[in-house]
Structures are given as C-alpha cells and as structure tokens.
There are 4 protein chains.
Amino acid sequence: MTHNIAILGASGYTGAELVRLIATHPTMRIAALSADRKAGMEMAEVYPHLRHLDLPRLVTIEEIDFAGIDLVFCALPHATSQAVIKELPRDIKVVDLSADFRLRDPAEYQKWYGQPHAAPDLQKEAVYGLTEFYRDEIRGARLVAGTGCNAATGQFALRPLIAAGVVDLDDIIVDLKAAASGAGRSLKEHLLFSELFENVMGYALGGTHRHLGEFDQEFSKIAGRKVEIQFTPHLIPATRGILVTAYVKGEADAVHGALAKAYAEETFIEVLPMGKAPSMKDVRGSNFCHIGVAADRRPGRAIVVATLDNLTKGSSGQAVQNANLMLGEPETAGLMGAPVFP
Amino acid sequence: MTHNIAILGASGYTGAELVRLIATHPTMRIAALSADRKAGMEMAEVYPHLRHLDLPRLVTIEEIDFAGIDLVFCALPHATSQAVIKELPRDIKVVDLSADFRLRDPAEYQKWYGQPHAAPDLQKEAVYGLTEFYRDEIRGARLVAGTGCNAATGQFALRPLIAAGVVDLDDIIVDLKAAASGAGRSLKEHLLFSELFENVMGYALGGTHRHLGEFDQEFSKIAGRKVEIQFTPHLIPATRGILVTAYVKGEADAVHGALAKAYAEETFIEVLPMGKAPSMKDVRGSNFCHIGVAADRRPGRAIVVATLDNLTKGSSGQAVQNANLMLGEPETAGLMGAPVFP
Amino acid sequence: MTHNIAILGASGYTGAELVRLIATHPTMRIAALSADRKAGMEMAEVYPHLRHLDLPRLVTIEEIDFAGIDLVFCALPHATSQAVIKELPRDIKVVDLSADFRLRDPAEYQKWYGQPHAAPDLQKEAVYGLTEFYRDEIRGARLVAGTGCNAATGQFALRPLIAAGVVDLDDIIVDLKAAASGAGRSLKEHLLFSELFENVMGYALGGTHRHLGEFDQEFSKIAGRKVEIQFTPHLIPATRGILVTAYVKGEADAVHGALAKAYAEETFIEVLPMGKAPSMKDVRGSNFCHIGVAADRRPGRAIVVATLDNLTKGSSGQAVQNANLMLGEPETAGLMGAPVFP
Amino acid sequence: MTHNIAILGASGYTGAELVRLIATHPTMRIAALSADRKAGMEMAEVYPHLRHLDLPRLVTIEEIDFAGIDLVFCALPHATSQAVIKELPRDIKVVDLSADFRLRDPAEYQKWYGQPHAAPDLQKEAVYGLTEFYRDEIRGARLVAGTGCNAATGQFALRPLIAAGVVDLDDIIVDLKAAASGAGRSLKEHLLFSELFENVMGYALGGTHRHLGEFDQEFSKIAGRKVEIQFTPHLIPATRGILVTAYVKGEADAVHGALAKAYAEETFIEVLPMGKAPSMKDVRGSNFCHIGVAADRRPGRAIVVATLDNLTKGSSGQAVQNANLMLGEPETAGLMGAPVFP
C-alpha cells in the first residue's frame, strides 16, 4: 500500500532530507511539496542533488489538494507551523519538525519561544516524537512533534540514566558540539563558510538555548521531580552531526549498564563497549546514534558521549521513523541506509 | 534469489563503500570479507560506522571457502589483484576495482605501472567496466575491470563528444579536481588533515598520471586514431568527489547535444541544461554523475564540467552496477540512494 | 616618519586584512576607519580578532577629517568607490581596492561592469596596481588601482611568457581555483558553510567573469595585439587562496626560463624548480606568490601553476606594497610575515 | 644585539612555527636547524612555505657547533628531549617545547610518561614556562619548560579563579576542543584528512590525558591542597586552535572579576565583556588568548571559555615569549602579529 505524502516547507534542509529519505522508501510517495517563497520552482532548481527524482513542482500550501494526502511532514519554522497545522483537515496525520508542539505546558512554550501558543488544544494532543521512548503513543497519534536535534542527542545519552537512578540529578552537564546544518539554510554572517571554517565557538551560553525546555520537561517527567541540567552548545566546522559529551556523577559501570539495557533491542541506537568513544562521522547521513561511556579517574564520575546526524536521526530520519509507526509500516522502513564514511 | 558476495581487501575505503552499498541491496549478501593485515578483526573495529550490520569477521583470502561464493569484488592494490584473481575458481564472477585489468595492451600496462603483467590471459578476457558504454559485454563477462575514478569522470564528459566527432581531437585539456579519499586510507604526509585542509595542489603534472593509460586506450579506440589528451589532476580539501573541467574546441550546442543524446536513457547520468554548472556536492554519496556545458566567449570553444563521487560512481557504486548486470539483476538495484546534501 | 592612514570600507574582509597588516607596519598609523552601516561601532565588535589593537571607532566617510590623512585605502564596492574617491582632497594619495580604476577604457568598464564610469578623468590618471610590473608609475602616482585577485594570479603566471614571446597567444587557458573569502563577507546562499563545505563548482563559465577585462587589457598591451584568453574560475572549500593552472603552448624550458628571469630580483615572487608544483597553503596569510612549471607529455605544451593569498598578495597586501612605494617607504615594509602553515 | 638561535627538531610543526615567528623577530637570528631524519635537506624542501627565507641547511644535532649559539629551542619528542638537553653546554639557554621538564616531581613524570626521568637534576632546575605566571623565574632561568598546549589553555581559564578562591575546587570540569596540528606531523590514521574532516571525537576519555599531570601540579600548588579536575579533550576538524569550555561552581561576576583583574596588564590575554563567547578563529596564527565568562541559569554556576592557537601561544609563540625574557629583550618582540581572520 502506498501512502501519499506532502512536505510543507520543502526548501529547507530538513525538507530536502525528507525527500532524500522518502526517495527510496518502499511505501511512501511524495504527492506534494510546498515552499512559499519558491513556489513555482522545480525542486531540482532549489536542490540540484535531487534532480534525478520525478518530483511535484513546489507550490504554496494553499495550492495543495489535501484530499488524497495521508500524512503531512511539516518542516516550517516554529510559530508558522502551529498556524498551518491548525488548519489541516483532521483526518490527515501530521509529523511536525518544528518546535511548536514539543512542550506540553503553554507557559513553558511562551517562556522559551517568546510568544503565546496559537493552538493550545493541538499542543495538548501532540505526542513527543522521540521514537524509542514514545513508540506506543506515536503509533496511535494524529500529531507527532519531532524533537529538537540537540534535545534528541542529549536525551539518548541521559534518559536511561535518569530512569535507572544511576546519576546525581542535580549535577548533569552537557557540552554539545553541533554542525552548521542544524541552523538551516539561513543567511547569517556566522554561518558563512569563511567565518565558520577553522572555527569553534560556544553559543547560547549559560542556559539560554531553547532546547533546554525539552530537557527540563522530559527529564523532570522521568525523574518525578524537577531536573535542570547545565547545557552549552558549540558550533563546529562541519555540516552534519551533533556530538554530546555529558558529565555525570555516578558509577560508570552502572551508567553503561543502564544504557546497554535500555537500548538492547533498539535498531538505531548502538551502545559501544565500555571505554570506547564514538566519532561523529560514524553516523553521518544515517539514522543511527552511537553512545559511549567512560569512567573518570575520579571515582563516582562518568562521561557519556552520544552522536547522531542532526538532519537524519535528529530530525528528518526521526520524522520518517515516526511516520512509519503512524502509518502501520515497519519502523525501520527506508531508514536502514548505512552511514556515509569517509 | 540471493547472491553470495565476497569482498577481498575490505579494509580500504572502496571495500567499506561496497559494504555500505550492499547493506541495503535487495539480493546481495556479504558472505566473506578479507583483509590480510587486519584478519581476525571485526569489521566494526576497522569501520565503526558499519557496526549495526551483521557482518562476517575479516579473514585472510586463504581462509575463504569460495565454494558458495557467486561473485567476488576485488578491492586489492594493483599487482596484488592480478596475482589473487588468477587463483580464483573459474566459475566465480569477479569485479576488480584495481588498475590491473583496465588496459588491454600488456605493453601499455608495463609502461604505466612499471612492471610486466602477471596474468596476460586474464587481461585479454577482462571487460572494461564503464557500465554505460560496455553494458552488453559486462552482462556476459566473468571478469570486469572497474575504471579508474578519474578516468571515469573524464570519459563521461568526453566519450560522446569524440564519438560524435564534435570536438578537435588534438586539443582536449582536462583539469581535474579530486577529493582525498581517492588516495585511499594510506598514511602519507600530504594526506594528513593539517596538510590538506585549506590547501589545493596540482600533482602528476605534465601527463604522468596513470589514468592517462585509460584515456589513451578508450579515446583512441572510439576515434579510430591515436588521441592523447592533456590531463592535470589537483588534490582539493574534500573527502569525496571528483570534478572535471574539460576544455574542448567545438561548438557548445553540438557538444551539449551529443551529451544529451548519449545519456538520454541513462539513469545515473544527468546532463544539465545548457550553461548550468554542476556542483561536486550534488552527487556526494551517490551513484549519480552530473554534466554541464557552456560556450566560451571565443567561438568554437566549449567547457564541459562533469562530477561524480569517486567512491561510489567512480569505484564501488560502479562495481555494484556491473555486478548487477553480471548477476542478471536490475542494473540500478541498491544504487538509487539520493546524494547526501548538505 | 609616521604616515596617517584612513581605511574606507573597513568592515569588509579586505578592510580587516589592511588593519591586520598595518598593525605591525613600522611607519603607518591608522587614523580613521569608515564603515557606513556599522558606523558608531568599535572595530572589535565587527572583527573580534583585532580587539587587542587600539583603533579608532568606525565612522561614516563624512565624519572623517581628511586634513591630517596622508593616504587612503579605499575598500568599498565598485561604483561606490569612484563616487567617493572623486570627492577626496586632491593632495591625498589613494589606493583603491575596488574594480573601478583598473580598466583604462571607459567602454571596457561599461562592458564588464554594466554602467558608465562616473569619474572618467580619474580613470585616466589611475595607475594599474600590479606592483612588480608598474613599480615606477606607482611611485609617482596619486591614485593606484589594485588589481583583481584572480587577475593578479593569472598575470603573475602569464605576463613574462607573453612578454618573452614564448607561448602561443591564441591558445591560453586559465583554470582557476578560488577560496571563499574572495567573495567577501556577503550573505549569499552558495557561500554558506553548509553549501560550500565538501563542494567544488565552476562559475562564470564561458568567459563572463569580470576579471577578463583586466586580462584582455594587460595581455593585449604587452603583446601589442589583441589577446583573449579562456578563463574558468572555480569556487573551492577553503577560506584564503587562489591557485591558477594555466595551459600554454610553448616549450616548458623557455616558459620556466622566462618566469625565472622576470622574477629573479622579486622579493615576493618565488619560481619553483622545474617540475615542482606549488601548494595553495604554502602562501596563506602572506604576501608571497609561488609559481611552478611543468612540461606536458606532448611536446610544445606546458603547464604553469601560480598561487597566492587573495586577501594579501591578491588585494590588501598588494595595496600596502603599493602604498609603501607611494609614501617613499621600503616596498616590503610590513609585508615580510611568513605564510601561516599548517 | 643579535642572538644566535638553534632549533632542534625543526622538521615538526612547532619547529616550523618557530622559524615563522623568528623570521620577522627584530633580534633573533637562526644559526642552526636540526632534524635527524631529514638532515642534509633544505628547510624549503620540508616546508615550502619558508622558501623565501635564507635558512641554514638541516643537520644532525651532532653537526651543530654550539660555540656561537645563545639560545636553543628544543622541539624534540619527549624522552629524546631530556637526553639531548643533558648534553648541551651549560652556558647556553634552553627553551624546551617537549613535556620533559614540565613536571617537578620525578614520580609524577614516571606516572604520566611511563618511564623514569633521565635528567632529574635538570628537571629540578627547569622553570615552568607559562609566561604570564612565571615571568620572574623565567627571566633568570637557564632551562624553561614550555607548557602543554592543552594545559596552557586550561590554566589561562582557571588559574586566577583558583588563586582568588572564587570556585569550588572539587568540581571543575574542562571540556576541550583541539585542532589537528596539536598532534604534530605524524602519520596516524585518525589524523588523515578523510578521517578527521566532518568529524569530532573525544579521546583520552576519563582522565588519562598526560596534560592532567600539569593541571594537577599547578592547580594544587596554587590552592595549597590537592586539586584534581575532570578533563576531556576532543579532536575537531580544524588545523590550529584550542577552545576550552570550563564548568565551574562559583558566582559568574566573581569569576569574571578575577580573570579581568589577573590579566588587566597582560598584552596577550584578552578578557571579553561579561557574557561574550570567544571564537577559536579570532586568535588563529597569533600569540593572543581570548577568554569569556557567562553565568549559568542555575545560580552559583559559571562557564569560562578560553581559546588560543596551539602552535603559537600554546607552544612556539610562548617559547619565543620566554626566550625574549631570558635574552633581556622586550617580552612581546616578534609576537605582535595580529590573528589571521578569516
């Protein structure tokens, strides 16, 4: 059975990545692509790497006939996303890649995103899209909110530790290294090649990054109490990839054991042998996530390193994984491509 | 029907790329992997990006039981390759990725590779593996010689022009830009990150690059007379990709027409609209090749730009494409993955 | 004796490079910095790498008191440059880094830049700033027009060959590889890190690049007849550097000899031993230019490779070199910093 | 007065960087260069970027006549360094760039470097070369031990905080990002361009990096009690630069104040305004170090970010700075070159 798919906001990097993944998906078929400012153009003009595909022309959202659409991937900016999804027919399944439906609490949304939520009812209904932890809810959901790419990486490293109670909840530090594509195809000076090449810089220092809203919500929920981690992202000179180094207080063996157990049956999460450090490039272009653990020289301290591709497992791959569940397909359909190394 | 595959020399980049491609191939199954110096190791230790796959342990060639093997990919260095292939059972199909069987003439082999050929009979039997131009011979071949990655790129740009007689055969200049992975996983100073990063350099200046042997052989054969092009490769700070800029004397429209006609039915070769320049990144990680043509301001001169991924279309993807034909499978099986951009 | 310097357009890359070079110049002192849109800001806010310097605040051009200024570096966009320079007091020396005064012929300016020249008198008076070839005129000039960075590289490779009559004037092909900073600090999609990283692309194919105006003017002047070369620039994934590969018809020994003779006494131009290829990174961050020559396998053909740093020898370093001459200082003052490798 | 300088181990990156810096030093003159395996070669063959300089040919150490030498920079590997320095004439000043004389305690040396020290007397005599903190001892020293590049970066971030008592000594975490040149010009697989490009990886996880010996020694000495920090280095895809993100428990204002006060008079250390994050590229190719501080959202926690160029301020620039003091020259002589950006 073929599922007709529409991608809203197809001219961004996550939109292009969705097309790339769906191109070899056994049962999904791209029926519509929207891109407001580029409506009327061929996708091959916007992304020449997709020119071998037979794709529909880019249109405005208004031009799409949603009658035959089974599922919509919404890759629009936050705030826009909620306005658009609110208007979609209720019988269409939606995977949203923006930040709009990640936070359960309207007050938290307003705090981190600086404006009131325009669709609080949908916000309530939405399921958080971290597949490995919300699989059952996602299967039955109409609206799934893809996680933030940074938030996903940190959660893969830490959720099992919080759940198993093997780390001090008041002293978790996450130092994150993020490649440039996470910032999208946006014209900003610090994203220019000449600026970022041979450069590394911290940003959103001191706990101001919006993905903290997700960390707070999820970690507190698991722990049954308020958990606030310390989190500093850094921009690194690479295109794809996030690598998280998490500093926790706990026994490394217990930490490694909790991760190994949590992910034992997971196709996409690979826990490396104790002491092994994952490399960002080893997951590039794929839906896999590698996690490693090491004991510090000081007893009672451990380091957890997790890495994934922000455009795949961190957003569009995760979105397809969720859509597979929502459509009754095998969860891994179209997602088993091996990482592209070197 | 499943085909059992052995990869000899699996610890190099082309070996790893073969594993990556075969991992999602519908009918190939990796039955054996050899790597002499790393025999005994798991592939996941040598290439952690493949750790999610259930692969046989690396062994020596001698340890492989070839009884159940249908096809061998030989990714060994030249000279070694001919010695190994000579000893393989005659009923096994072989795709060789080395330079050993590309040249028909033993004297030419000796000229370019500095030693006599050790298996001249096999050399005679081998079919040149540029699929789009040797498709019929490849289908019935036992031994196919994969083309050089540089030689493939130049030929995609130039063969149709020589065949159609639309360019001056005595004045073809090929300026080639090659990414680092073409040199393999070899420990050489100029391949160190600190040396190549932010660097560009010509090498094998003046017509000493070995792939010239292939150009000479193929272009002369098409033209029915001796054709010697001028060819200068450059190493550029990228991992994957080759981009050829060919300077020819001929009418740009005729040049574009000859290319468009030659590749009209080809799945993997995309001829861009007149005047459009292809980008190396638009084919990365894929089996596609993009070609563009522009007229020079001086009448009677044209520029042809062709680009492909050296590890995929330039070697391992091409090898799988050939193997598909040899095994009676659809030529594109396992090769339709879209390029990874950005 | 200290010379008071004003830099107009200090917020671009060439402006910042001028500040970097002048920072350790023995006799230049930065007295004023202009940047219209960033007027009022400290240079350290715009370029934090210069924060250790005691620099004047950025102002508008109108705010500068030119009374005490000895020399102006004008690093404004073309068209703007001519309008500004026209209004400067006649007793101030000017080194212009834009394209506005490079072409002698108003018709040529209009052809390549698409609009009539607004200061044709100044255009006539300006001296072309390729120091090694216009040294005497520059010494006495009031207005010097810095060459284009691509044009400079090509000319260093080719001028002595044309002057010595050792190459066929009708068959010169220049394949150029240019790093991203040549395009300036401008917000364009193809200059984003995620787009250019791991990418190579030709642009201005077919002889439409504006620096051809300079090549035509200079080469025709040397030859005493019309000379039109074929020229294709490529954007490469690096920040600084240009590498030119020139294909010429002539004897390699004569070619090498002409270059070696022309540059024998030049401090900044290094001609490598016959057959040696220069590397782009070997001149990075410096005012040096390396040139190599090789014979092709086909008699009567040679390859010339030249490389320089587009921001230093290609623009701001060249500008300081010219200013040194104009101010009666040693030509190499402030410019002997060795390349930054690796 | 001119000082005659010998560089032992001139064929490594720190050796080449010493030559680069001394090339424009007002009073140092390179009198001898050694490189055992490359003895007999010209420096321009080993490092073509230095070919404009008139340098002595590379020789073995035994071939050097130390009679006229005033100061030796020893850029040899650890263990070799102590053997060589032991044999140098006692009247020659020595700046060692290896790890051999950094640790005061022979037992600590053996613990971190795996073998007993061969020159324990010299070890006692050596002065630790972190100029800003050992200025007076360095002035009078015969033997100065350059700090490790990672150790230097971490200490610039943390020493003033420990000295001022504004952070919890038991909970300091240093997450470090290091560019590839810190590993030298050594042929290792993970340092190949194809491996490191688009990659990030932690290494020496869990407190096994040798620079911890320096941290422990220095921080404990300042605090007057045992201080053991947690330290994880990461390799990043860049050539030059180290960026440290230090997580401390303390009031951000007090932290910023302690740094601002400690470095108020320092030429090479720039403390950014509160909340500003430094960028690695802003110090590239220079002897400057930028430091920033931000408060975390959780009270009582702060983040300190420090960055420098590992080859300049982290080793060869620091070495020249120390040599200046030892020779009675201005501390900043030859070191005021501005960072190379972009």
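Since the model is a prediction, treat every value here as computed from it, not as a measurement.

(A) Geometry of the UniProt feature "domain: Semialdehyde dehydrogenase NAD-binding" (unreviewed entry) in chain A. Taken from the UniProt record, the annotation "domain: Semialdehyde dehydrogenase NAD-binding" (unreviewed entry) applies to residues 4-141 of chain A. End C-alpha atoms of residues 4-141 of chain A are separated by 18 Å, and the span's content is 33% helix alongside 17% strand.

(B) View of the pattern of salt bridges. Under the criterion given, the structure shown has 104 salt bridges over all chains. For the salt bridge of Arg185(A) with Glu189(C), the shortest nitrogen-to-oxygen distance reads 3.4 Å. Residue Arg185(A) is found in the loop between strand S8 (173-178) and helix H8 (193-196), and its partner Glu189(C) is found in the loop between strand S8 (173-178) and helix H8 (193-196); the two belong to separate chains. Classification of Arg185(A) as buried rests on a relative accessible area of 16%.

(C) Representation of the sheet that holds strand S11 (residues 242-249) of chain D in the model. All names here are of chain D. The strand order across the open sheet formed by seven strands is S9-S10-S8-S11-S14-S13-S12, and the pairing between neighbours is mixed. The sheet is open, and its two edges are formed by strand S9 (201-202) and strand S12 (269-271), each paired on a single side. As judged from the three bridges shared by S12 and strand S13 (residues 289-295), these two strands associate in the parallel manner. Among the inter-strand pairings, Glu-270 is bridged to a residue of S13, identified as His-290.

(D) Inspection of the UniProt feature "active site" (unreviewed entry) in chain A at higher detail. Residues and elements named next belong to chain A. Summarizing the sequence annotation, UniProt attributes the feature "active site" (unreviewed entry) to Cys-149 in the numbering used throughout. Within the element layout of this structure, Cys-149 appears in helix H7 (residues 149-164). Residues contacting Cys-149, with those up to four places away along its chain left out, are His-211, Ile-242, Leu-308, Asn-310 and Gly-314.

(E) Inspection of the side chain of Asp309(D) at higher detail. All names here are of chain D. Mapped onto the secondary structure, Asp-309 falls in the loop between strand S14 (301-308) and helix H11 (312-326). Reaching out from Asp-309, the side chain makes a polar contact with the backbone nitrogen of Gly-285 at a distance of 2.6 Å. In contact with Asp-309, not counting residues within four places along its chain, are Arg-240, Gly-241, Val-283, Arg-284, Gly-285, Ser-286, Phe-288 and Gly-314.

(F) Looking closely at the relation of the copies chain C and chain B. Screw-axis analysis of chain C against chain B gives a translation of 0.0 Å along the axis, an RMSD of 0.0 Å, and a rotation angle of 180 degrees. Within this description, the copies of the chain are treated as partners about a two-fold rotation axis. When C-alpha distances to the rotation axis are compared across chain C, the minimum falls at Pro237(C), with a value of 3.3 Å. Mapped onto chain B, 100% of the interface residues of chain C again fall at the interface, so both copies present the same surface.

(G) Just the interface of chain C and chain B, in detail. Contacts between the two partners involve 51 residues from chain C and, on the opposite side, 51 residues from chain B. Around 4400 Å² of area is buried between chain C and chain B when both sides are counted, 49% of it from carbon and sulfur atoms. Area buried by chain C at its contact with chain B is led by Glu198(C), Gln230(C) and Arg297(C), which between them contribute 19% of it. Scanning the region where chain C abuts chain B turns up twelve salt bridges. Two residues, Arg284(B) and Glu198(C), come together in a salt bridge whose shortest N-O distance is 3.9 Å. Across the contact surface, chain C and chain B share 42 residue pairs in polar contact (both at pLDDT 80 or more). Secondary-structure elements contributing two or more residues to the side of chain C that touches chain B are S8, H8, strand S9 (201-202), helix H9 (211-223), strand S10 (230-235), strand S11 (242-249), strand S13 (289-295) and strand S14 (301-308) of chain C. For the side of chain C that touches chain B, the per-class residue count stands at 24 nonpolar, eleven polar and 16 charged.

(H) Inspection of the state of the cysteines at higher detail. All names here are of chain C. Within this structure, the stated rule accounts for zero disulfides over all chains. Of the cysteine sulfurs around Cys-74, a residue in no disulfide, the closest is that of Cys-149, at 17 Å. Since its relative accessible area comes to 0%, Cys-74 is described here as buried.

(I) The arrangement of the pairing of S13(C) in detail. All names here are of chain C. S13 sits mainly inside the fold: six of its seven residues count as buried. Bridge analysis of S13 against S14 gives seven bridges, and the strand direction is antiparallel. The residue of S14 that forms the bridge with Val-293 is Val-304.

(J) Seen up close, the packing of aromatic side chains. Summed over the entire model, instances satisfying the criterion amount to 44 aromatic pairs over all chains. Taken together, Phe193(A), Phe197(A), Phe193(B), Phe197(B), Phe193(C), Phe197(C), Phe193(D) and Phe197(D) form an aromatic cluster joined through their ring pairs. The side chain of Arg159(C) reaches across the aromatic face of Phe133(C), ending 4.6 Å from its centre.

So, how was this worked out
Residues numbered from 1 in each chain as written. Chains lettered and ligands numbered in written order. Predicted model: local features only at pLDDT ≥ 70, side-chain atom pairs only at ≥ 80, totals over all residues. Heavy atoms only, no water. UniProt positions renumbered as here; feature names shortened; annotations may be inferred. Helix = DSSP H or I, 4+ residues; strand = E, 2+ residues; numbered from the N terminus. Salt bridge = Lys/Arg side-chain N within 4 Å of Asp/Glu carboxyl O. Buried < 20%, exposed > 50% of the residue type's maximum accessible area, 1.4 Å probe, protein only. Pairing = 2+ DSSP bridges. Contact = heavy atoms within 4.5 Å. Polar contact = N/O pair within 3.5 Å; in protein donor to acceptor, adjacent residues only side chain to side chain. Least-squares fit on C-alpha atoms with pLDDT ≥ 70 in both. Buried area = accessible area lost by both parts, 1.4 Å probe. Nonpolar A, V, L, I, M, F, W, Y, C, P; charged D, E, K, R; others polar. Disulfide = S-S within 2.5 Å. Phe/Tyr/Trp six-rings, centres within 6.5 Å; stacked < 30°, edge-to-face > 60°. Lys NZ or Arg CZ within 6 Å of the ring centre and 35° of its normal.

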